[in-house]
Amino acid sequence: MDLHESSIVIAGGGSTYTPEIILMLLDNLHRFPIRQIKLYDNDPDRQKIVADACEIIVREHAPHIAFLATTDPETAFTDVDFCMAHIRSGKYEMRDRDEKIPLKYGLVGQETCGVGGIAYGLRSIPDVIQLIDYMEKWSPNCWMLNYSNPAAIVAEAVRAARPHSKVLNICDMPIDIMERMAKICGFDSRKDLVVRYYGLNHFGWWSDVRDQDGSDLMPKLKAYVAENGYNLEPLGCEPRMNDEDWRHTYRFARELYATDPSVLPTTYFKYYLYPDHVVADTDPTYTRVDMVKDIREKEVFSECERIAACGTSEGTTLKIGVHASFIVDLACAIAFNTHERMLLIVENQGSIPNLPETAMVEIPCIVGSNGPEPLRIGPIPWFQKGLIEQQLAVEKLVVEAFFERSYQKLWQAFILSKTMKDADVAKAVLDDLIEANKDYWPELN
Ligand code: NAD
Ligand code: G6P
Ligand code: MN
């Protein structure tokens, strides 16, 4: 069979994740052939570090693929079939503010959760919508696979403002945990599992996990998670050995599991269910962004610079993003109508009948060339429904606040966040974040 060759633009070309995604695309050319890869970023200097190395990698692995890096949207978005979007509006400089300002008030400071996540959301909304508009102007048939964060708020904004655009919002966290579940059960990969999962992005639970024969894997998984969370050190195959922060997060899933042993949680509930523990555990002068800069950014960028200086990627320490393979799965499902079952962030529309129709929920979908067909989850229990509705109201209010330029609604979103204490604390931290984000947020009335 002759497979159509795709042209791809990676938006946020200067991302630390770009090299692993390029390596993963090159490793999958047999099932997802490519004729062109473009990198697009609005920071030419940052992108150049990554692009110079990626150009060499592409030339060495697949010289037939045309490669270019640009900051010009027309060049980037003309003649493309897929836009893989992973931009970080405001870059690490603003992630630093998102994490450290809330901590001054004793609140969780996190990339996608709580008020820091809301701050990031208000920066991402206009930038992601701009990418969609570029894509629709210059390549109207293109699909955007978006994992720019905070994915829940971005997905809600896209639903509200660009309801007909071809945008699929995705997250690697369930994938990452499912890889761990597979290891716990003695399987090779997440592809050996069939799951039922529901929630909002970074706010979901598995209610059922089976193998391909239909055998229930929940008892085995529950026994492991009750003891170790999703940390794989006891099995001797923990993939994040160089990152104690993530290992702690996986271990902490044990405490999250205890809140409802009928399901298996994602790790992000630690920020909502144990905020005081998280704050007490955080050094307010050295937060996650500092670790990312000291670990991931340093490793990736210094290796990119080494490749560019040597003119070859031979012996590189850059690794294929195995978790990123779901991006190829998704692109294949669209390009070749594979009808693969995947977790996506889609409009509820009755899949969970006791949640609003317009909620952007993360649930299994069958994906083919006309997009995702969400599966029916059915009614969910009170505990999950209550938590989800509160967080959903936060996300809806943030998006309404953005489009209506409403200070009042944004303050309400802050008050409603489960990570919040009093309304006056909410107001103080909001005013601080408004000042810090004045180059990014719209003026609020
Ligand atoms: P990064 O800062 O290293 O890279 C982001 C790049 O985006 C930067 O080069 C920056 O210049 C560029 N950028 C910012 N605004 C832009 C705009 N308007 N147009 C074009 N380019 C722009 O960040 P990172 O740590 O590599 O993460 C990238 C993004 O991917 C973040 O949003 C992160 O949260 C997200 N992410 C999401 C998932 C998921 O599960 N959904 C997983 C991993 C990373
Ligand atoms: C997971 C989440 C992403 C998030 C990332 C943060 O992969 O799914 O949405 O961006 O973690 O990781 P970091 O190492 O940057 O803190
Ligand atoms: Mn995510």
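Residues numbered from 1 in each chain as written. Chains lettered and ligands numbered in written order. Predicted model: local features only at pLDDT ≥ 70, side-chain atom pairs only at ≥ 80, totals over all residues. Heavy atoms only, no water.

Side note on the site of ligand 1
The environment of ligand 1 is formed by 26 residues, the closest being Ser-15, Asp-41, Arg-46, Glu-111 and Tyr-120. Between ligand 1 and the protein, one listed contact pairs an oxygen atom with a side-chain N or O atom of Thr-16 at 2.7 Å. In this structure, an oxygen atom belonging to ligand 1 sits 2.8 Å away from a main-chain N or O atom of Asp-172. When residues of the shell around ligand 1 are traced back to their parent elements, those giving at least two are helix H4 (91-104) and helix H5 (114-138). (Near = heavy atom within 4 Å. Polar contact = N/O pair within 3.5 Å; in protein donor to acceptor, adjacent residues only side chain to side chain. Helix = DSSP H or I, 4+ residues; strand = E, 2+ residues; numbered from the N terminus.)

Side note on the packing of helix H6 (residues 151-161) against helix H14 (residues 382-404)
Remark: H6 packs on H14, axes separated minimally by 9 Å, with the N-to-C direction vectors making an angle of 55°. With respect to their mutual orientation, H6 and H14 come out oblique. Judged by the sense of rotation from one axis to the other, the crossing of H6 with H14 is right-handed. Residues Ala-152, Ile-153, Glu-156, Ala-157, Arg-159, Ala-160 and Ala-161 of H6 pack against Glu-395, Lys-396, Val-398, Val-399 and Phe-403 of H14. Of the residues contributing to the contact of H6 with H14, the split by class is eight nonpolar, no polar and four charged. (Axes fitted to C-alpha atoms, helices over the stretch in contact; angles between N-to-C directions. Parallel < 35°, antiparallel > 145°, perpendicular 65-115°, else oblique. Left-handed = near helix turned anticlockwise from the far one by under 90°. Contact = heavy atoms within 4.5 Å. Nonpolar A, V, L, I, M, F, W, Y, C, P; charged D, E, K, R; others polar.)

What to know about the environment of Glu-435
As for its placement among the helices and strands, Glu-435 is situated in helix H16 (residues 423-436). With 170 residues separating them along the chain, Glu-435 and Pro-265 place their C-alpha atoms 35 Å apart. Side-chain polar atoms of Glu-435 contact the side chain of Lys-438, separated by 3.2 Å.

Notes on the packing of aromatic side chains
Taken as a whole, this structure holds 15 aromatic pairs when the rule is applied. Geometrically, the ring pair formed by Phe-203 and Trp-205 is edge-to-face, given 6.1 Å between the ring centres and 85° between the ring planes. By relative accessible area, Trp-205 is classed as buried at 3%. Relative to Tyr-272, the ring of Phe-203 lies with its centre 4.9 Å away and its plane at 70°, an arrangement referred to as edge-to-face. Here the residue Phe-203 occupies a position in strand E8 (residues 203-211), and Tyr-272 occupies one in helix H10 (residues 269-273), the gap between them amounting to 69 residues. Residue Phe-203 is classed as buried on the basis of its relative accessible area of 2%. Owing to a relative accessible area of 3%, Tyr-272 belongs among the buried residues under this scheme. Taken together, the aromatic side chains of Tyr-198, Phe-203, Trp-205, Phe-269 and Tyr-272 make up a single cluster linked through ring pairs. Across from the ring centre of Tyr-250, 3.4 Å away, lies the NZ or CZ of Arg-180, which sits over that ring. Above the face of the Trp-411 ring, Lys-427 is positioned so that its terminal group lies 4.4 Å from the ring centre. (Phe/Tyr/Trp six-rings, centres within 6.5 Å; stacked < 30°, edge-to-face > 60°. Buried < 20%, exposed > 50% of the residue type's maximum accessible area, 1.4 Å probe, protein only. Lys NZ or Arg CZ within 6 Å of the ring centre and 35° of its normal.)

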